[in-house]
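Listed below, chain by chain, are the residues.
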Amino acid sequence: MTRTITVLLADAFTATPGKGNRAGVVLDASGLSPAAMQAVAALVNVSETAFLAPAPPGAEYDLVQRYFTPAAEVPTCGHATIASHHLRATSLGMTEGRVRILTGAGILPVDVETSPDGLKVIMTQGALSFEPPLAPAERATLLAALGLAPADLADGLPVQEVSTGHSKVMVPIRSVRTLDRLAPDMGALAVLSERIGCNGYFVFVVNGPDDPCLTSGRMFAPAIGIDEDPVTGNGNGPCGAYLSRYGVLPPEPVFAYRGRQGVAMGREGVIEVTVARDESGPVRVQVGGTAVEAGRMEIELNEIGGTVTAREI
């Protein structure tokens, strides 16, 4: 079977092409096998490519959405959701509304609204979960892989795995200067991911009161083929829940802030994080932002006897 598909490219969490986080997007992935999606994602070679398909009749959701890195399928992805629904809304002339997507993290609502900065997409993330803080031996291994000393860690905050559908280890440190100079041992991080069952590490700083962004961060996930991801919904979203749980955010029913990421890569972007909480702590996280189209690829897929090849045409 031979099929030609169009992959759109968009940069999320920015309005400037070449900044933020690039995603590939296939707006009509009907009939594509997982192997075909993986082959496309490997060829597109951005951190994630999203594939959208209509829901079956009578479903409780509107679209099926799957996400692939160049090396593996992941349950959900913030920037690829923002990018894909910006492109979808633009293609439909949609200026506001909600769509329910079925992801590997469950059925999630995605909202589109018009803001002063243009079309904004807001993704409600999945259920919150907090693992116990990393054991001392694992924390020491992680710090060594990141090139950090214990004194670089922020006071009073644990190194801990947090999830809103796709978990990351939160690593709070003191200094943006230290953050920007990180040069991790990617092989060691990948090995540690196999040991702890978490494929990503979100290293961040809580900025001073004069900074318009509350946090600055970087995210490393070499275990799934992403040495560093420029601006990460599945890093910043769990970070918001974490900051709320440990009292860094004010104990308001709903609190929103901005996070900055991608500076060290030359792809700076800004993500809006909104955390809702009740008397027990954080209960819901949303991430939002703008996106901008950044090109397209035409790809020819050949699938014969279970073997899939993909090439750009």
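Quick look at the structure, then.

The secondary structure content of the chain amounts to six helices and 19 strands. For 313 residues, the compact-globule formula gives about 20 Å, and the C-alpha radius of gyration of the chain, at 19 Å, lands near that figure. Projected onto the principal axes, the alpha-carbon positions of the chain cover approximately 55 × 40 × 35 Å. Burial statistics for the chain: of 313 residues in total, 54% are counted as buried. Of the side-chain charges in the chain, 23 are positive and 33 negative, and the distance between the mean point of each set is 2 Å.

One non-glycine residue with positive phi stands out, namely Phe13, at about 65 degrees. Note that Phe13 resides in the loop between strand 1 (2-12) and strand 2 (21-26). Taking relative accessible area as the criterion, Phe13 reaches 3% and is therefore assigned buried. Within the chain, Asn45 stands out as a residue other than glycine whose phi angle is a positive 60 degrees. You can see Asn45 is positioned in the loop between helix 1 (34-44) and strand 3 (48-54).

Take the pattern of salt bridges next. All told, the structure shown has 14 salt bridges when counted by the stated rule. Note that Asp62 is salt-bridged to Arg100, the shortest N-O span being 3.1 Å. In this pair, Asp62 sits in the loop between strand 3 and strand 4 (63-68) while Arg100 sits in strand 6 (residues 97-103), placing the two residues 38 residues apart along the sequence. A relative accessible area of 32% means that Asp62 is categorised as partly exposed. Note that Glu272 and Lys120 form a salt bridge whose closest N and O atoms lie 3.0 Å from each other. With Glu272 in strand 16 (residues 269-278) and Lys120 in strand 8 (residues 118-124), this pair connects stretches of sequence that are 152 residues apart. Overall, the relative accessible area of 13% leaves Lys120 in the buried class. What emerges from the salt-bridge pattern is a single network uniting Glu113, Lys120, Arg258 and Glu272.

So, on to helix 1. When helix 1 is considered as a whole, its buried residues turn out to be Ala36, Met37, Gln38, Ala39, Val40, Ala41 and Val44. At the C-terminal side of helix 1, Asn45 shows a positive phi close to 60 degrees.

The next point concerns the pairing of strand 2. Within strand 2, five of the six residues are buried, leaving the element largely enclosed by the surrounding structure. Relative to strand 2, strand 1 runs antiparallel, the two being bridged by five bridges. Residue pairing across strands places Ala12 opposite Asn21, the latter belonging to strand 2. Across four bridges, strand 2 lies against strand 3 in parallel orientation. The residue bridging Val25 from the neighbouring strand is Ala50, located in strand 3. Once the chain exits strand 2 it traverses helix 1 before rejoining the sheet at strand 3, and the crossover so formed is right-handed.

Glancing now at the side chain of His166. Structurally, His166 is set in the loop between strand 10 (160-163) and strand 11 (168-172). With relative accessibility at 8%, the residue His166 sits in the buried group. Within the local environment of His166, its side chain forms a polar contact with the backbone oxygen of Thr76, the two atoms lying 3.5 Å apart.

Glancing now at the environment of Ala145. Looking at the element boundaries, Ala145 is found in helix 3 (residues 136-146). For Ala145, a relative accessible area of 5% puts it in the buried group. Between the C-alpha atoms of Ala145 and Ala188, which are 43 residues apart in sequence, the distance is 5.7 Å. If we skip the residues at most four places from it in the chain, Ala145 touches Pro184, Asp185, Ala188 and Leu189.

Calculation rules
Residues numbered from 1 in each chain as written. Predicted model: local features only at pLDDT ≥ 70, side-chain atom pairs only at ≥ 80, totals over all residues. Heavy atoms only, no water. Helix = DSSP H or I, 4+ residues; strand = E, 2+ residues; numbered from the N terminus. Rg over C-alpha atoms; globule rule 2.2 N^0.38 Å. Buried < 20%, exposed > 50% of the residue type's maximum accessible area, 1.4 Å probe, protein only. Lys, Arg positive; Asp, Glu negative; His and termini not counted. Charge placed at Lys NZ, Arg CZ, Asp CG, Glu CD. Salt bridge = Lys/Arg side-chain N within 4 Å of Asp/Glu carboxyl O. Pairing = 2+ DSSP bridges. Right-handed = clockwise from strand over helix to strand, strands pointing away. Polar contact = N/O pair within 3.5 Å; in protein donor to acceptor, adjacent residues only side chain to side chain. Contact = heavy atoms within 4.5 Å.

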